[in-house]
Structures are given as structure tokens and as C-alpha cells.
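# A structural walkthrough
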Amino acid sequence: MTGDANMVITIDGPAGTGKSTVANAVARRLGFGFLDTGAMYRAVALEALRRSADLENAGGLAFIAKHVNIEFDWERQPPTLILNGEPVSHLLRNGETSRVASLVATVPAVREVLVEQQQKIGRERGNIVTEGRDQGSVVFPDARFKFYLDAAPAERARRRIVQLRARGEFHDFNDVLNEIVERDKRDLNRSVGPLKIPVGARVIDTTNLMQEQVIDQIVAAVEGAGA
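Residues numbered from 1 in each chain as written. Predicted model: local features only at pLDDT ≥ 70, side-chain atom pairs only at ≥ 80, totals over all residues. Heavy atoms only, no water.

### Comments concerning the overall build of the chain
Short version of the rule: Starting at the N terminus, helices and strands are each numbered in turn, a helix being any DSSP run of H or I of at least four residues and a strand any DSSP run of E of at least two. In this treatment the radius of gyration is a C-alpha quantity, and the globule benchmark scales as 2.2 Å times the residue count to the 0.38 power. For every residue, the accessible area obtained with a 1.4 Å probe (protein chains only) is divided by the maximum for its type, and the residue is called buried under 20%, exposed over 50%, and partly exposed between those limits. It only takes one pair of heavy atoms within 4.5 Å for two residues to be counted as in contact. Only the protein chains shown count as covering a residue, and every accessible area follows the Shrake-Rupley method with a 1.4 Å probe. His is not counted, nor are the chain ends; Lys and Arg add positive charge and Asp and Glu add negative charge. Charge coordinates come from a single atom per side chain, which is NZ of Lys, CZ of Arg, CG of Asp or CD of Glu.
Within the chain, the secondary structure is distributed over nine helices and eight strands. A compact globule built from 227 residues should have a C-alpha radius of gyration of about 17 Å, and the chain, at 17 Å, falls within 12% of that. With the C-alpha coordinates of the chain rotated into their principal frame, the extents come out at 50 × 40 × 30 Å. Taken over 227 residues, the chain has a buried fraction of 50%. Look at the contacts in the chain between residues 6 or more apart in sequence, and 74% of them connect residues 24 or more apart. Surface accessibility of the chain: about 10800 Å² in total, with carbon and sulfur atoms responsible for 49%. Across the chain, the centroid of the 29 positively charged side chains sits 1 Å from that of the 30 negatively charged ones.

Now the structure itself:
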């Protein structure tokens, strides 16, 4: 849909705002690639769990990030994450991996490694929709289109409960809500790549919106700009 061979669209926001689903759908609608940066942090977390790594040892987590091989199978929709030659996308969304990923993401050296990989993908893949917490502010500050999704914590917790139940996992609402609030604090206060609204980003409050409405808004904004 565009002659710009290196267009990047960033979608940032806190946990539970539907970034991954929305970004993937927007990418499909526009014929772009979808970069799930959260999956990259989850992959490092999965490898740390497999190695029984000390999660308090930032140096050890950075070592893992530097030495694991993270790739995407771009022929699949959404792209499958390949960790050390093994497709692991189906292993990245359980509660334990998610919890460790939120810790891994606070390690500056880990972020440095993965940000560099993300920027390389942006250069090599061309047109992509990428989601995360620092995509428009740190990784791709010059992206042509930037969006920031938000929602009330209680609504984000409700969505998370629905996701977990769909996988056969049952959790207490208040526990999930507390986890989201704590995750927000870590993301907002970390020293490198903190969660914030990127300069020039369009903010979309998704609390009372269906995902399709959010997708429509983003696609309309991009297409309306004559991309």
C-alpha cells in the first residue's frame, strides 16, 4: 500500500491494552510485517527459566540475552518466534514466563541487546507494525506513525482473566489486578526504556472500545495520511 520500503508503525502502551492483537491485525490489514517485541523478552525469560538462572543476577540475564538466538518465521501469520532453532511461541504466554519477562525487561543490558535486534529488523524487514512499551520513544523514535494504547487497570485485569481462562488457567481477579499495577510501576520507573507516551503519538483509550474499533482507528489514520 506504500512506496516507502522502510515504514515503521509503533504501538505502545501498558500490559493488557491489546497491543499484540491490535498490532498483528493492523499489520495484516496494511500488508505489513508484525514485530512482537514482547515475545522477544518472553523468549529470554523462557531461556532463563530453562537454565534455572538467578533472576536477581542482572549480569547473568544479560549473558543469556546476548547468547540466545532469537529469530522470527516471517512466513507465518503471526510470525512464529524461533528460540535457538525451536518454535516457542506457544510457550511464551503462560503466567510464569510472563512474570519473569516483566523482571527481565527491567535489566538495562537485556534491553540494550533486544533494542539493537529490533532496530536491525526494522532496517532489514522494511514495512512493519511493532508493539511494546518503548517502540515509539526509544527503538523507533523517527517512526512515521506512532500510537499509544491505554485502558483502566480494572479493564486490563478483566481482559487478562479472559485470556488466562481461555488457556485453562484460573486466577483471582484481585491478584491479576495487583500484578498489572505492579507491572505498570516497574515499566514506568525502570531506568532504561521506561513506559511513556512517545512524542507525536496518538493516544487511544481502549477501555470502552472493541478491538476492531481500535484497529479501524489506526488503519484509518495511516491510510488517511496517504501512506
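### Some details on the environment of Glu179
Among the secondary structure elements, Glu179 is positioned in helix H8 (residues 173–189). In sequence terms Glu179 and Ile9 are 170 residues apart; their C-alpha atoms lie 29 Å from each other.

### Things to note about the sheet that holds strand S1 (residues 8–12)
We count it as follows: Two strands are said to pair when DSSP picks up at least two bridges between them. The axes used here are C-alpha line fits, helices contributing only the stretch in contact, and every angle between their N-to-C directions lies in the interval 0 to 180 degrees.
An order of S2-S6-S1-S7-S8 is seen for the five strands of this open sheet, with the pairing classed as parallel. Looking at strand neighbours, the two that pair on one side only are strand S2 (33–36) and strand S8 (202–205), the edges of this open sheet. Averaged over all pairs of adjacent strands, the angle between strand axes in this sheet comes to 20°, irrespective of strand direction. Direction of pairing for strand S7 (residues 145–150) relative to S8: parallel, over a ladder of four bridges. Its bridge partner being in S8, Asp150 is matched across the sheet by Asp205. The sheet contacts of helix H1 (residues 19–30) involve S1, S2, strand S6 (128–132) and S7, and relative to S6 the element is tilted by about 175°.

### Description of the packing of aromatic side chains
Counted only if it meets this: Any two of the Phe, Tyr and Trp rings considered here, Trp counted by its six-membered ring, make a pair once their centres fall within 6.5 Å; the pair's planes then place it as stacked at under 30 degrees, edge-to-face at over 60, or tilted in between.
Within this structure, the stated rule accounts for one aromatic pair. Here the aromatic rings of Phe72 and Trp74 are separated by 5.4 Å at their centres, their planes lie at 45°, and the arrangement is tilted.

### Quick notes on the pattern of salt bridges
Using the following cut-off: Take a side-chain nitrogen of Lys or Arg and a carboxyl oxygen of Asp or Glu: if they are within 4 Å of each other, that pair is a salt bridge.
Within this structure, the stated rule accounts for 15 salt bridges. With a closest N to O distance of 3.5 Å, Arg76 and Asp73 form a salt bridge. Among the residues examined, Asp73 registers a relative accessible area of 25% and is labelled partly exposed. Ionic pairing is found between Asp134 and Arg111, a salt bridge with its closest N-O pair at 2.7 Å. With Asp134 in the loop between S6 and helix H6 (135–139) and Arg111 in helix H5 (residues 108–125), this residue pair connects regions lying 23 residues apart in the sequence. Grouping residues by exposure puts Asp134 and Arg111 together as buried. One connected set of salt bridges, linked through shared partners, spans Arg29, Glu212 and Asp216.

### A look at helix H7 (residues 153–166)
Let me state the cut-off plainly: Take the number of residues in a helix, subtract one, and multiply by 1.5 Å to get its expected span.
A rise of 1.5 Å per residue sets the reference length of H7, with its 14 residues, at 20 Å; its end C-alpha atoms lie 20 Å apart and thus fit the reference within 8%. Those residues of H7 that sit buried are Glu155, Arg156, Ala157, Arg159, Arg160, Ile161 and Leu164. For H7, the elements touching its buried residues are helix H4 (95–104) and H8. At the C-terminal side of H7, Gly168 shows a positive phi close to 85°.

### Quick notes on the pairing of S2
Successive residues of a regular strand alternate their side chains across the two faces of the sheet. The alternating pattern of S2 places Gly33 and Leu35 and Phe34 and Asp36 on opposite faces, both of which are buried. Here S2 runs beside S6; their pairing, made up of four bridges, is parallel. Counted as the bridge partner of Asp36 is Glu131 from S6.

### A look at the sheet that holds strand S5 (residues 86–87)
With antiparallel pairing, the three strands of this open sheet are ordered in space as S3-S4-S5. On the outer flanks of this sheet lie strand S3 (70–73) and S5, each paired with one strand and no other. When strand S4 (residues 80–83) meets S5, the two strands line up antiparallel, connected through two bridges. When the bridges of S5 are listed, Leu83 appears paired with Glu86.

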